[in-house]
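# Fold and geometry: a report
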Amino acid sequence: MRLKDKTALITGAGSGIGRETALLFAKEGARVVATDINDEGGKETVAMIREAGQEAAYFHADVSKAADCEAMVAFAERTYGKLDILFNNAGIMHNDDGDAVSTEEAIWDLTMNINVKGVFFGCKYGIPALRRAGGGSIINTASFVALLGAATPQIAYTASKGAVLSMTRELAIIHARENIRVNALCPGPLRTELLMKFLNTEEKKQRRLVHIPMGRFGEAREMAAAVLYLASDESSYVTGSEFMVDGGITAAYVTPE
Ligand code: NAD
C-alpha cells in the first residue's frame, strides 16, 4: 500500500478527478477527507470508500471561503490526527467564460475566487498542518491550458490555471527545506462532466481531439494514478514540477492522421 498511515485532504472530491483520486488514495491505505460544496456527491464518494471497507470522512467546504478552508484542515487533524497530503483540486470552468470582450467581470471573479484563491487558501491553512506532521505533499490541479493557447476561448479559466502553475513553483521553492513538496498536475482534456458540458457539440469535441496525439480524451482515473505518484513517497525528489498527463497534447506540433 503506497499511502499507508497517511491522511489526505481532497477538495472537489464529489466528482471527476477528485472522486477517482479519493477512491484510489483510500485503496492505497490513506485516510481520506473528501471536501466539496456538492454535499451529495461528496457523501457519495465517502460511501463508496466505506463500502469497500476503507477510511474516509466528508466535510462541506467552499474553497473560495477562508473560514471553510481553515475548518476543513482542522477537521482533518481532529478526525485523523494529522494531515500529510493536500490535493487542491476543486475548480470550475464556467459556460459564460469566453474571450476578453464577451466575458463578464462576475465570471472572471468567480473563476479566480475558486480556481486561484481556493488553492491559496488550501495552502494558507494546509501548510501549517503539514509542518505539524513533519512535512508532506501538496498537489494543485492546473491544466494544459496554462501552457498552450486555444481558439476556444475561456479567458478567466486559462488565466486561473496559469496562476496555479506559477504559485505552485513558488510554493515548492519556499517550502522545499521543510520536507513539503508542491507539484502541479496538468491534465489534458478529459472525458469528465466539466469539459463535456463545455464541449457540448460533436463538432466542438472533434475540434479538440484533432490536437491530441493519442486521439482520445483522458479519463479521471488516469489523473488519479498520477496524483497518487505525486502524493506518495515514490516522488520524494519531485517538487515544483508541471506534471503533464495530457495524451501528448503539449508535445505535439502535428498529430498523427
Ligand atoms: P468536476 O466538475 O467533475 O469536479 C470538480 C468538483 O469541484 C465538483 O465536485 C464541484 O462540486 C467542486 N467544486 C466546484 N466549486 C467548488 C468550490 N467553490 N469549493 C469546493 N468544491 C467546488 O471536474 P474535474 O474535471 O474533475 O475537475 C477537477 C479539476 O481538474 C479542476 O480544477 C479542473 O479545472 C481541472 N481540470 C479538468 C480538466 C478536464 O478536462 N476535465 C482538464 C484540466 C484540468
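Use the structure listed above.
Residues numbered from 1 in each chain as written. Predicted model: local features only at pLDDT ≥ 70, side-chain atom pairs only at ≥ 80, totals over all residues. Heavy atoms only, no water.

It is worth spelling out the packing of helix H1 (residues 16–27) against helix H9 (residues 220–231) at this point. Remark: H1 packs on H9, axes separated minimally by 8 Å, with the N-to-C direction vectors making an angle of 55°. In terms of axis orientation, H1 runs oblique to H9. Crossing of H1 over H9 shows right-handed handedness. Contacts between H1 and H9 involve Gly16, Ile17, Glu20, Thr21, Leu24 and Phe25 from the first element and Ala220, Arg221, Met223, Ala224, Ala225, Val227, Leu228 and Ala231 from the second. Of the residues assigned to the contact of H1 with H9, the class counts are 10 nonpolar, 2 polar and 2 charged. (Axes fitted to C-alpha atoms, helices over the stretch in contact; angles between N-to-C directions. Helix = DSSP H or I, 4+ residues; strand = E, 2+ residues; numbered from the N terminus. Parallel < 35°, antiparallel > 145°, perpendicular 65-115°, else oblique. Left-handed = near helix turned anticlockwise from the far one by under 90°. Contact = heavy atoms within 4.5 Å. Nonpolar A, V, L, I, M, F, W, Y, C, P; charged D, E, K, R; others polar.)

Next up on the list: the site of the ligand. In the region of the ligand, 28 residues are neighbours, and Ser15, Ile17, Asp36, Tyr157 and Thr192 sit closest. Contact between the ligand and Tyr157: an oxygen atom at 2.6 Å from a side-chain N or O atom of the residue. Protein chains bury 93% of the 830 Å² of accessible surface belonging to the ligand in isolation. At a threshold of 2 Å from the grid points, most atoms of the ligand map onto the largest pocket. Put simply, the parts of the chain that give the shell around the ligand at least two residues each are H1, helix H6 (155–174) and helix H7 (193–198). Of the residues assigned to the shell around the ligand, the class counts are 14 nonpolar, 11 polar and 3 charged. (Near = heavy atom within 4 Å. Polar contact = N/O pair within 3.5 Å; in protein donor to acceptor, adjacent residues only side chain to side chain. Areas by Shrake-Rupley, 256 points an atom, 1.4 Å probe, with all protein chains shown as cover. 1 Å grid on protein atoms, 1.4 Å probe; cavity = no way out; pocket = protein on both sides within 12 Å on 5 of 7 lines; lining within 4 Å. Sits in = over half its atoms within 2 Å of the grid points.)

Relative to the 16 Å expected for 12 residues at 1.5 Å per residue, H9 spans 16 Å between its end C-alpha atoms, a close match to the ideal helical length. When we look at burial in H9, the residues that qualify are Ala220, Met223, Ala224, Ala226, Val227, Leu228, Leu230 and Ala231. Among the structural elements, H1, strand S4 (85–88), strand S5 (136–141), strand S6 (180–187) and strand S7 (242–245) are those in contact with the buried residues of H9. (Expected span 1.5 Å × (residues − 1). Buried < 20%, exposed > 50% of the residue type's maximum accessible area, 1.4 Å probe, protein only.)

Considered as a void within the structure, the largest pocket measures approximately 1000 Å³ in volume. For the largest pocket, the lining is made up of 39 residues, of which Ser15, Gly91, Ile92, Met93 and Leu194 are closest to its centre. Secondary-structure elements contributing two or more residues to the lining of the largest pocket are H1, H6 and H7. If you tally residues by element for the lining of the largest pocket, the top one is H7, at 4 residues. (Points joined across faces, edges and corners; volume = space filled by probe spheres on them.)

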